[in-house]
Amino acid sequence: MMNEQQLIAFFEDLHQHPELGLQEVRTTQKLKEILTAAGVELLDTGLPTGAVAVIRGSRPGRVIGLRGDMDALPITEASGLRYASCEAGKMHACGHDFHTACMLGTALILQEKRDQLAGTVKVVFQPAEEIAKGGKLVADTGLLNDAQEFYGIHSYPAFPAGTLGIKEGPVMAAPDRFSVTITGRGAHAAQPDKGIDPIPALAAIIQALQTIVSREVNPFANVVITVAHVEAGNTYNVIPETAFLEGTVRTLDEKVRLQVQQAMRRVIERTAEAYQCTAALDYQVGPDAVVNDAALCAEASALAREMGFQVARQEDTMGGEDFSEFLKICPGVFLRIGTGGDYPGHHPRFTVDPAALWPAAQYCAALAMRRAEAEK
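What comes next concerns the included structure. Fair warning: this is a prediction, and the values are worked out from it, not measured in the lab.

### Quick look at the nonpolar core
Piece 1. In terms of nonpolar packing, the biggest core is built from 61 residues, with Leu104, Val123, Phe125 and Tyr363 touching the most fellow members.
Piece 2. Take this core: its biggest share by element is eleven residues, from helix H9 (residues 357-372).
Piece 3. Here Phe125 is in contact with Leu31, Leu35, Gly50, Ala51, Ala53, Gly68, Met70, Thr100, Met103 and Leu104, once residues within four sequence places are set aside.
Piece 4. Grouped together as the second largest cluster of nonpolar side chains are 27 residues, Ile196, Ala243, Val260 and Val267 included.

### Some remarks on the sheet that holds strand E2 (residues 51-56)
Piece 1. The sheet built from eight strands is open, its strands ordered E1-E2-E4-E3-E5-E16-E6-E15 with mixed pairing. Looking at the sheet topology across the chains shown, the edges are occupied by strand E1 (41-43) and strand E15 (310-312). Taken over all neighbouring pairs, the strand axes of this sheet differ in orientation by 25 degrees on average, direction set aside.
Piece 2. In terms of strand pairing, strand E6 (residues 163-165) meets E15 through three bridges, oriented parallel. Residue pairing across strands places Gly165 opposite Ala312, the latter belonging to E15.
Piece 3. The sheet strands contacting helix H3 (residues 96-112) are E2, strand E3 (59-69), strand E4 (118-126), strand E5 (149-156) and strand E16 (332-338), and the helix crosses E3 at an angle near 160 degrees.

### Focus: the pattern of salt bridges
Note that side chains of opposite charge can pair when their charged atoms are close.
Piece 1. The tally for this structure, following the rule as stated, stands at 22 salt bridges.
Piece 2. Notably, a salt bridge pairs Arg371 with Glu149, separated by 2.7 Å at the nearest N-O pair. Here Glu149 lies in strand E5 and Arg371 lies in helix H9, a separation of 222 residues in the sequence. The residues Arg371 and Glu149 share a single accessibility class, namely buried.
Piece 3. Notably, a salt bridge pairs Lys328 with Glu325, separated by 3.3 Å at the nearest N-O pair.
Piece 4. Classification of Glu325 as buried rests on a relative accessible area of 10%.
Piece 5. If you follow the salt bridges from partner to partner, you end up with Asp176, Glu254, Arg257, Asp288, Glu325 and Lys328 in one network.

### Comments concerning the sheet that holds strand E10 (residues 223-232)
Two pairing modes exist for strands in a sheet, parallel and antiparallel, and in both the strands are linked by backbone hydrogen bonds.
Piece 1. In spatial order, the strands read E10-E12-E8-E13; together these four strands make up an open sheet with antiparallel pairing. Only two strands of the sheet have a single neighbouring strand rather than two, namely E10 and strand E13 (278-284). Each strand axis lies, on average, 20 degrees off the axis of its neighbour in the sheet, ignoring direction.
Piece 2. Note: strand E8 (residues 174-183) against E13, seven bridges, orientation antiparallel. Bridge assignment links Phe178 to a residue of E13, and that residue is Tyr283.
Piece 3. Across the sheet, helix H5 (residues 198-216) lies against E8, E10 and strand E12 (242-251), angled at about 175 degrees from E10, the strand it touches most.
Piece 4. Contacts between helix H6 (residues 254-274) and the sheet are confined to E8, E10, E12 and E13, with E13 contributing the most and set at about 160 degrees to the helix.

### Structural notes on the state of the cysteines
Piece 1. Counting across every chain of the model gives zero disulfides.
Piece 2. Counting only cysteine sulfurs, Cys102 is the nearest neighbor of Cys94, a cysteine outside any disulfide, at a range of 15 Å.
Piece 3. Cys94 sits in the buried class, given a relative accessible area of 11%.

### Some points on the pairing of E16
Piece 1. For E16, the tally of buried residues reaches seven of seven residues, placing the bulk of the element in the interior.
Piece 2. Residues Gly332, Phe334, Arg336 and Gly338 point to one face of E16 and Val333, Leu335 and Ile337 to the other, with burial holding for every one of them.
Piece 3. Two elements, E5 and E16, share seven bridges in a ladder whose sense is parallel. By the bridge assignment, Phe150 is partnered in E16 with Gly332.
Piece 4. Sheet topology places E6 next to E16; two bridges connect them, and they run antiparallel. Bridging from a neighbouring strand, Leu164 pairs with Ile337 of E16.

### Observations regarding a nonpolar patch on the surface
Piece 1. Where nonpolar side chains cluster on the molecular surface, the patch consists of Leu22, Ile131 and Leu137 and spans about 220 Å² of accessible area.
Piece 2. By the secondary structure assignment, Leu137 is in helix H4 (residues 134-139).
Piece 3. Judged by relative accessible area, Leu137 falls into the partly exposed class, the value being 35%.

### Some thoughts on the side chain of Gln314
Piece 1. Looking at the secondary structure, you find Gln314 in the loop between E15 and helix H8 (324-327).
Piece 2. Note on Gln314: relative accessible area 2%, which makes it buried.
Piece 3. Once you skip the residues sitting within four places of it in the chain, Gln314 turns out to touch Tyr156, Phe159, Gly165, Ile166, Lys167, Val171, Phe334, Leu335 and Arg336.

About the criteria used
Residues numbered from 1 in each chain as written. Predicted model: local features only at pLDDT ≥ 70, side-chain atom pairs only at ≥ 80, totals over all residues. Heavy atoms only, no water. Core = buried A, V, L, I, M, F, W, Y, C linked by side-chain atoms within 4.5 Å. Buried < 20%, exposed > 50% of the residue type's maximum accessible area, 1.4 Å probe, protein only. Helix = DSSP H or I, 4+ residues; strand = E, 2+ residues; numbered from the N terminus. Contact = heavy atoms within 4.5 Å. Pairing = 2+ DSSP bridges. Axes fitted to C-alpha atoms, helices over the stretch in contact; angles between N-to-C directions. Salt bridge = Lys/Arg side-chain N within 4 Å of Asp/Glu carboxyl O. Disulfide = S-S within 2.5 Å. Patch = residues over 30% accessible without salt bridge, like charges linked within 9 Å, V, L, I, M, F, W, Y side chains within 5 Å. Areas by Shrake-Rupley, 256 points an atom, 1.4 Å probe, with all protein chains shown as cover.

None of the figures reported here should be taken as evidence of function without further support.
As structure tokens, then:
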């Protein structure tokens with residue numbers, strides 16, 4: 001079995017060689033080599049990247065799922081680390097290298113202790129979380145349909161190593177994406193009356209979208225509508241034919257999610273019409289919100305304290321996560337591993353404290369063993 005220093009070395013190697021979503025070929029190969037050498041069973045997912053490892057206990061019990069994601073981001077690293085990324089324009093800026101290494105350590109610990117294990121633990125090394133595709137791809141294989149509880153982890157710079165963030169209820173939002181193309185009629189900028197300018201319509205739509213949050217949705221609901229990309233025209237003296245905007249919607253409640261989508265379509269189309277334009281909304285539904293099971297959070301917290309961790313409630317966020325795909329199979333918990341650091345995820349200077357790695361792997365293994373033997 002790997003020791004702590006070997007696991008940290010594996011993590012550093014992953015950090016040096018980040019791979020984007022659905023391109024995690026090297027990462028997958030290294031994982032499979034190590035797991036196979038340790039005698040860990042690997043299921044055939046039929047997917048080009050990612051893996052599902054299975055550790056079967058020596059006596060009957062329940063089936064527990066664990067998940068860590070693998071993919072990096074298209075960011076140029078500026079961390080100054082000794083083991084900084086060797087891949088231009090790619091970086092593990094969200095801790096997925098930490099997640100992968102943690103789950104590798106967890107699988108190896110469980111393999112070493114399988115004589116003490118009741119039931120079965122399936123450890124998922126998931127590709128393509130950052131592009132919100134991998135969770136569904138893995139879940140759709142059907143290999144995890146027998147899982148009775150699922151646990152996922154994420155690095156958390158707001159807490160130091162030795163602290164776990166555990167919170168019941170919604171902990172990550174449903175991240176949807178939308179784009180709008182507004183069509184008018186092009187003209188010379190000196191003769192606006194000869195055309196139909198889509199730019200005022202675009203500006204009005206951006207303003208009107210915020211009234212959905214402030215005037216249509218229950219004030220106690222959590223909703224974010226952000227327009228983050230706007231394009232119109234390409235020179236100073238031509239009114240363009242079209243204008244474009246895109247952004248994201250974040251919600252925690254499925255009814256509110258549908259309400260916002262319907263309201264957006266109405267507001268966009270009618271606002272455009274008021275400016276004599278037409279508007280086409282392309283609304284792309286992302287993963288569901290991640291909602292932690294309250295009873296399982298209590299169990300996970302109790303074990304963490306027994307093992308000497310500090311437990312704190314992670315802060316609310318409207319960030320998205322496709323771990324929700326696994327929570328469609330069974331209840332579970334998405335918890336945060338305190339990893340320290342001065343910068344948030346998706347930042348070029350993001351780092352994690354490797355000292356958090358081995359304790360996290362031990363905790364995940366202990367959690368899986370305890371829950372596999374639970375009567376619930």
